[in-house]
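# Observations on chain architecture
Residue-level listing of the chains:
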Amino acid sequence: MKVRLTVNGRPLEGEADAETRLLDFLREDLQLTGTKEGCGEGECGACTVLIDGQPVNSCLVLALQADGSDVLTIEGIADGDTLHPIQQAFVETGGVQCGFCTPGFIMAAYALLKATPNPTDEEIRSALEGNLCRCTGYERIVDAIRLAAGRMQGDA
Amino acid sequence: MRYQQVVDEAELLTALSDPAAAILSGGTDLLVKIRGGVAAPETLLDIGRIPTLSGIRESNGSIEIGAATTETEILASSIVQETLPVLTTALAGLGSIQIRNRGTLGGNLANASPAADSAIPLLLYDAELDLVGPNGPRTVPLDGFFLGPGKTALEPGDYIRTIRVPIPEPGWCPFYHKVGKRRALTIAIASVGALIRIEGDRIVGVRFAAGSVAPTPIRLHAVEERIRSNALTEEVVDEARRLAMESVSPIDDVRATADYRRCVVGDLVARALRLAP
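Residues numbered from 1 in each chain as written. Chains lettered and ligands numbered in written order. Predicted model: local features only at pLDDT ≥ 70, side-chain atom pairs only at ≥ 80, totals over all residues. Heavy atoms only, no water.

The number of helices and strands found in chain A is five helices and five strands. Radius of gyration (C-alpha) of chain A: 15 Å, near the 15 Å computed for a compact globule of 156 residues. Principal-axis analysis of the C-alpha atoms gives chain A an extent of 45 × 30 × 25 Å. Put simply, chain A has 156 residues, and 53% of those count as buried. Of the roughly 6,900 Å² of accessible surface on chain A, a fraction of 47% belongs to carbon and sulfur atoms. Separation of charge centres in chain A, based on 12 positive and 24 negative side chains, amounts to 4 Å. (Helix = DSSP H or I, 4+ residues; strand = E, 2+ residues; numbered from the N terminus. Rg over C-alpha atoms; globule rule 2.2 N^0.38 Å. Buried < 20%, exposed > 50% of the residue type's maximum accessible area, 1.4 Å probe, protein only. Areas by Shrake-Rupley, 256 points an atom, 1.4 Å probe, with all protein chains shown as cover. Lys, Arg positive; Asp, Glu negative; His and termini not counted. Charge placed at Lys NZ, Arg CZ, Asp CG, Glu CD.)

Printed below as a string of structure tokens:
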């Protein structure tokens, strides 16, 4: 069946069947492999993307269910070769170790800072409740988001 | 497997006459089951775009929530926050942000997990479900809708249209507590919700519901009947705790033992009463 999506600002059309998850469509059909598959059942958040601005597990959404919507992935947030402030902050604070969970965390953080530009630490931790990291112990991820929030406010 | 994006309720009712069809709402449970081989529908009926199954409105003293309304939409509703605070609290702890952005209220109920977070507040608030099926529409109380783990009063061809919750009169003291290994993405070890009304030192109204301690989410009617109209004393709190522990039938599983769950329910019932005045 046909599926029409806007992905990272670009309208596009593809084919998907009832088994194709949005995750598969992004990775296999569009070659957007920044979005990772961790658990495949909504527990880990590695596959987090935004649909119409809301973070979702792309392993739990069929591509056909997302028909007509606006999808933002990790590939869509940098400005050319300039990293998004959240990405840059993850690099600087050491919020990335193995890196597998990172795209999901950054997309969850992106949604948080859109809605809440100046979050408390508690709000940051709540916004990351659906994302698991087995390397960092989370502290540096929270540091990164706090740093990014400060810089993005400075820009505004 | 086939996918059908259903346009309206008439199409849904017709499509549901196929016993191999399954309703796909948020997909946060069903898609996991399909990939795990636990469910194998031939047709997925996506109800996410049926306008009449989504949204929240106030009507005749009730809050009506369309079955396909997401948990995030319900959390954002100020009328729900004001009138059904236990529902807001329970949904805030359901799954994760990613899950709540997709998962729906009707889906959480139809899934009929003994640990369904939304069932606790809805049992407390005496919610009713408007069902539609081949023989027409009917309304059933939520208390009685769950028949066992994964089993409900939904007959073949039925779907949930609306969850209807009478707005309680002011003065109820709300309580909700879910015990789990962590706050997010956890299936409750046990959970208890309560609505309590105290006038003077007397318990004039009391409702308890509990999750993960029986084959279905349950109201603790025996506890309610025993302590209603009593003075709120330490003896009554102890009696409520004892009866609550007796009236549940938990199991040992990977999350906790039955004994532990019994103790948790007793403690939470006692805590709800102590916090009420």
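Attention shifts here to the domain arrangement of chain A. All names here are of chain A. Annotation of chain A at the domain level lists domain 1 (2-75) and domain 2 (85-155). Computed over C-alpha atoms, the centres of domain 1 and domain 2 are 21 Å apart. Contacts between the two partners involve 15 residues from domain 1, matched on the other side by 12 residues from domain 2. The contact between domain 1 and domain 2 buries some 1,100 Å² in all, and 71% of this surface belongs to carbon and sulfur atoms. (Domains from an automatic or database assignment. Contact = heavy atoms within 4.5 Å. Buried area = accessible area lost by both parts, 1.4 Å probe.)

Attention shifts here to the domain arrangement of chain B. Residue and element names in this part refer to chain B. Annotation of chain B at the domain level lists domain 1 (2-166) and domain 2 (173-275). The centre of domain 1, based on its C-alpha atoms, is set 25 Å off from the matching centre of domain 2. For the pairing of domain 1 and domain 2, the buried interface totals around 1,800 Å² over both sides, and the portion due to carbon and sulfur atoms is 66%. Together, P114, I120 and L124 form the three largest contributors to the area buried by domain 1 at its contact with domain 2, with a combined 32%. Linking domain 1 to domain 2 there are three salt bridges. The interface formed by domain 1 and domain 2 includes eight residue pairs in polar contact (both at pLDDT 80 or more). Of all elements in the fold, only α5 (85-92), α8 (119-124) and β8 (146-148) reach the threshold of two or more residues within the side of domain 1 that touches domain 2. (Salt bridge = Lys/Arg side-chain N within 4 Å of Asp/Glu carboxyl O. Polar contact = N/O pair within 3.5 Å; in protein donor to acceptor, adjacent residues only side chain to side chain.)

Let's shift gears to the packing of aromatic side chains. Two measures describe an aromatic ring pair: the distance that separates the ring centres and the angle between the ring planes. Counted under the stated rule, the structure contains two aromatic pairs over all chains. Here A:F105 and A:Y138 contribute two aromatic rings whose centre-to-centre distance is 6.1 Å and whose plane-to-plane angle is 55 degrees, an arrangement assigned as tilted. Linking A:F105 in helix α3 (residues 102-115) with A:Y138 in the loop between α4 (121-127) and α5 (139-155), this pair joins segments that are 33 residues apart in sequence. In this structure A:F105 comes out as buried when scored by relative accessible area, which is 0%. Ring centres 5.5 Å apart and planes at 70 degrees place the aromatic pair B:F145 and B:F146 in the edge-to-face group. The exposure class of B:F145 is buried, given its relative accessible area of 1%. Positioned above the aromatic ring of B:W172, the side-chain terminus of B:R197 is 5.5 Å from the ring centre. In this arrangement the basic side chain of B:R207 is found over the ring face of B:W172, its NZ or CZ atom lying 4.7 Å from the centre. (Phe/Tyr/Trp six-rings, centres within 6.5 Å; stacked < 30°, edge-to-face > 60°. Lys NZ or Arg CZ within 6 Å of the ring centre and 35° of its normal.)

With 30 residues of chain A at the interface, the matching set in chain B holds 28 residues. Taken together, the two surfaces of chain A and chain B that pack against each other cover about 2,300 Å², and 51% of this comes from carbon and sulfur. Considering only the side of chain A, the residues that lose the most area to chain B are A:L60, A:Q65 and A:E129, jointly responsible for 30% of the buried surface there. Taken together, chain A and chain B are joined by two salt bridges. Here A:E129 ties to B:R100 by a salt bridge, and the two come within 2.8 Å at their closest N and O atoms. The interface formed by chain A and chain B includes 12 residue pairs in polar contact (both at pLDDT 80 or more). Among the secondary structure elements, those contributing two or more residues to the side of chain A that touches chain B are β3 (48-51), β4 (54-57) and α4 of chain A. For the side of chain A that touches chain B, the per-class residue count stands at 13 nonpolar, nine polar and eight charged. (Nonpolar A, V, L, I, M, F, W, Y, C, P; charged D, E, K, R; others polar.)

We now examine the layout of surface pockets. Taken as a whole, the second largest pocket holds about 810 Å³ of empty space. In terms of lining, the second largest pocket is formed by 31 residues, of which the most central are A:R125, A:S126, A:A127, A:E129 and B:A184. A total of five residues in the lining of the second largest pocket trace back to one element, the largest contributor, which is α4(A). Of the residues that constitute the lining of the second largest pocket, the class distribution is 14 nonpolar, eight polar and nine charged. (1 Å grid on protein atoms, 1.4 Å probe; cavity = no way out; pocket = protein on both sides within 12 Å on 5 of 7 lines; lining within 4 Å. Points joined across faces, edges and corners; volume = space filled by probe spheres on them.)

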